[in-house]
Amino acid sequence: MRLESDRLGIAAFRLGYVAIFVAMLLPLFIVIATSFSASGNLQFPPEGFSLRWYRAFFADIQWLRAFDNSFIVGIGTTVVATFMGITAAFGLEARNSRLGDLLTPVVILPLLIPPVILGVTLLVYFSALGLQSSYLGIVLAHSLWATPLVFFVMQSVFQRFDWELRDAGMDLGANPISVFVYVILPNVKNGIVVSALLAFIISLQEFVMALFLSNFQTQTIPVLAWNSLRQSLTPTVSVVSTFLVLISVAGLAAAALAVNLDFVAKRLS
Amino acid sequence: MSVQTPDSVLDRLWSPFETQSGSRRSLFLMSPLILFELLIFVVPFAMLVRISLSEQSQSLPYAEGTFTIASYIEVLQSGFLQGIIVYSFRLGIIATVLAVVLATFYAYATWRADGLLKSALLFSVVLPLLTTLVIKTYAWVPLLAPNGTANNLLLAVGLLSAPVQVVPNTLGVVIGQVYIVFPYAMLAIYSVLSTVEWELVEAARDLGAGRARSFVEVVLPEIIPGITVATIISFAWSVGAYSAPALLGAGSDRPFALEIQEQMLLNFNWPIATALSTIMLVLMFVSIVLIYVVLGRFGGDVSNAA
């Protein structure tokens, strides 16, 4: 009797997580499948197979420009966020100061503020500075979200680093910069690669702040996708979505190779 | 009572930063981020509050140099805006409870799994997490619309006699929003869960506790810090939901984020938009402190979670 209910419990448990697993990935799968639709309807299973929406995408100057914008903003965010996140995590690790205790909550806070409010706030601010609809404005906004991730990834990477190696380098007469380049960097470069990848992906995928802070000229892919979705549902958006999902899969695979999936996953929350 | 020279005051102000040697260098290294947070986060929010205290203007977004709390009074007295605030919090609570319960279960399953299965389960949350909100929301349309996959399937099998309107509808908003916050909640819980020792659970089971009991009495107290973080993230994001209500909701699904956008970008009424933002931030802050305190009661030390 007890065994019977045990087996039932295990079956229910398996069923439960398999159901969630499917629910998590099915929507993405459906989006990708509908991008190959032969008709103009957004339907799953798609009616027939064709690449016409892919051709439509590559023929559309607006989408291509949005792609360029996304990459400009993404690279900018990666540079800004990685630089600030690494220096701050390094500074914090070197000496655990009270300033660091104060900095950590401030760095987390933007992640908890609804992006619409961040968008409004920065729109007001950037308008006063004449930065509205500029690449720089979007890069700075995205950095508010990307930097905390870099900061926390690098903090845990630096924590695992054996600081006696640095002291040994110093004792042997190397200056701080060459100690950083020759002793510390080789040990933490995987962490840097992962945090840069994450920063790029976050910028590439963010859209609410970008919606407020961009215009027709500077809009990124998710913003253009959103705007065209609100007019009509066409499979072109599925094509774009497929590209965005594939970029994330590739980035994730690279990150998982550099460290491992478990490590990346734990740093993302 | 000693007379303080300016020097000693400065010393005192500096001393917290000076407790260990090398902290000047540490300060120098942290300065880009500190400066950034000041200029791109603290100052803009001060400006937001300042504009919310300005008079509304017919021709400009706001009347510069004026001071009034009229916009706050207007927001708090408007039945329409109150309804919007209530809707936001209701969505926040429902989505959070669903997301955190499901996330706890999934995190537990992932923790117990190993090898390929564990990687697959982790991948299934990390990939949606790294996918844009636009796709995460829009993906549900072909699935849940009246002529969508789910309805067609259930009609064909005979479980439904007429299609159910899930999208656009409040149910669709909740599904979309849970889907959006679930990965964050799951990973917050998982990262705490993975520090728990399975031997503890085994010991409880050896002593005769069933599955459910060993989870509630042994595992749950240990992962309260993770659950707290998961709850706070899910709540903050669901109260501030934008894309799910906009794309999956009916006309009555109107959280404050949509209202702010409209006031800001269509009506160019900045004092109302910023006053509503400030009020929502205060209400959310109070709720988050409350969540923190209440959940802290169950699990003791929450402070070492993040």
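Residues numbered from 1 in each chain as written. Chains lettered and ligands numbered in written order. Predicted model: local features only at pLDDT ≥ 70, side-chain atom pairs only at ≥ 80, totals over all residues. Heavy atoms only, no water.

Description of the overall build of chain A
Next, step 1: When helices and strands are counted, chain A shows twelve helices and zero strands.
Next, step 2: Listing every helix and strand of chain A by position from the N terminus yields α-α-α-α-α-α-α-α-α-α-α-α.
Next, step 3: If one aligns the C-alpha atoms of chain A with their principal axes, the spans along those axes are about 70 × 70 × 30 Å.
Next, step 4: In chain A, buried positions account for 54% of the 269 residues.
Next, step 5: Taking contacts inside chain A between residues at least 6 apart in sequence as the whole, the part at least 24 apart equals 72%.
Next, step 6: When the accessible area of chain A is evaluated, it comes to approximately 11500 Å², of which 67% is carbon and sulfur surface.
Next, step 7: Side chains of chain A carry 14 positive and 13 negative charges; the gap between the two charge centres is 6 Å. (Helix = DSSP H or I, 4+ residues; strand = E, 2+ residues; numbered from the N terminus. Buried < 20%, exposed > 50% of the residue type's maximum accessible area, 1.4 Å probe, protein only. Contact = heavy atoms within 4.5 Å. Areas by Shrake-Rupley, 256 points an atom, 1.4 Å probe, with all protein chains shown as cover. Lys, Arg positive; Asp, Glu negative; His and termini not counted. Charge placed at Lys NZ, Arg CZ, Asp CG, Glu CD.)

Quick notes on the packing of aromatic side chains
Both the distance between ring centres and the angle between the ring planes are used here to describe each pair of aromatic rings.
Next, step 1: Scanning all chains against the criterion turns up 31 aromatic pairs over all chains.
Next, step 2: Here the aromatic rings of Phe13 of chain A and Phe105 of chain B are separated by 5.3 Å at their centres, their planes lie at 75°, and the arrangement is edge-to-face. In this pair, Phe13 of chain A is assigned in helix 1 (residues 2-34) and Phe105 of chain B in helix 4 (residues 79-112), connecting two distinct chains.
Next, step 3: When its relative accessible area of 26% is taken as the criterion, Phe105 of chain B is described as partly exposed.
Next, step 4: Centroid distance Phe57 of chain A to Trp63 of chain A: 6.1 Å. Interplanar angle 40°. Geometry classified as tilted. Trp63 of chain A matches Phe57 of chain A in its accessibility class, with the two residues each being buried.
Next, step 5: Put simply, the rings of Phe36, Phe49, Tyr54, Phe57, Phe58, Trp63, Phe67, Phe71, Phe200 and Phe243 of chain A touch in pairs and so form one group of aromatic residues.
Next, step 6: A cation over a ring is seen here: Arg112 of chain B above Trp111 of chain B, with NZ or CZ 5.8 Å from the ring centre. (Phe/Tyr/Trp six-rings, centres within 6.5 Å; stacked < 30°, edge-to-face > 60°. Lys NZ or Arg CZ within 6 Å of the ring centre and 35° of its normal.)

Quick look at the interface of chain A and chain B
Next, step 1: Tallying the contact residues gives 87 residues for chain A and 88 residues for chain B.
Next, step 2: Overall, the association of chain A and chain B removes approximately 8100 Å² of surface from exposure, summing both partners, and the carbon and sulfur fraction of that is 81%.
Next, step 3: The tally of links between chain A and chain B comes to zero salt bridges.
Next, step 4: Linking chain A to chain B there are eleven residue pairs in polar contact (both at pLDDT 80 or more).
Next, step 5: A per-class count over the side of chain A that touches chain B returns 63 nonpolar, 17 polar and seven charged. (Buried area = accessible area lost by both parts, 1.4 Å probe. Salt bridge = Lys/Arg side-chain N within 4 Å of Asp/Glu carboxyl O. Polar contact = N/O pair within 3.5 Å; in protein donor to acceptor, adjacent residues only side chain to side chain. Nonpolar A, V, L, I, M, F, W, Y, C, P; charged D, E, K, R; others polar.)

Let's talk about the side chain of Ser203 of chain A
Next, step 1: In this structure, Ser203 of chain A sits in helix 8 (residues 176-205).
Next, step 2: When its relative accessible area of 2% is taken as the criterion, Ser203 of chain A is described as buried.

Overview of unusual backbone geometry
Next, step 1: Following Val167 of chain B, the chain continues into Pro168 of chain B via a peptide bond in cis, with omega recorded as -5°.
Next, step 2: Position of Pro168 of chain B among the secondary structure elements: in the loop between helix 8 (149-157) and helix 9 (170-193).
Next, step 3: Look at Ser133 of chain A: it is not a glycine, yet its phi comes out positive at around 60°.
Next, step 4: With phi around 50°, Phe268 of chain B is a residue other than glycine that occupies positive phi space.
Next, step 5: Among the secondary structure elements, Phe268 of chain B is positioned in the loop between helix 13 (256-266) and helix 14 (270-299).
Next, step 6: Here Phe268 of chain B falls in the partly exposed class, since its relative accessible area comes to 46%.

Observations regarding the environment of Ser194 of chain B
Next, step 1: Among the secondary structure elements, Ser194 of chain B is positioned in the loop between helix 9 and helix 10 (198-206).
Next, step 2: We classify Ser194 of chain B as partly exposed; its relative accessible area is 25%.
Next, step 3: Residues within four places of Ser194 of chain B in sequence aside, it is in contact with Lys266 of chain A together with Trp111 of chain B.

Some words on the packing of helix 8 of chain A against helix 11 (residues 235-258) of chain A
All names here are of chain A.
Next, step 1: Two elements in contact, helix 8 and helix 11, have axes separated by 9 Å at closest approach and are oriented at 165°. The angle between helix 8 and helix 11 falls in the class roughly antiparallel. Relative to helix 11, helix 8 is oriented so that their crossing is left-handed. Contacts from Asn190, Val194, Leu197, Ile201, Leu204 and Gln205 of helix 8 reach helix 11 at Leu244, Ile247, Ser248, Gly251, Ala254, Ala255 and Ala258.
Next, step 2: Taken together, the residues of the contact of helix 8 with helix 11 break down into nine nonpolar, four polar and no charged. (Axes fitted to C-alpha atoms, helices over the stretch in contact; angles between N-to-C directions. Parallel < 35°, antiparallel > 145°, perpendicular 65-115°, else oblique. Left-handed = near helix turned anticlockwise from the far one by under 90°.)

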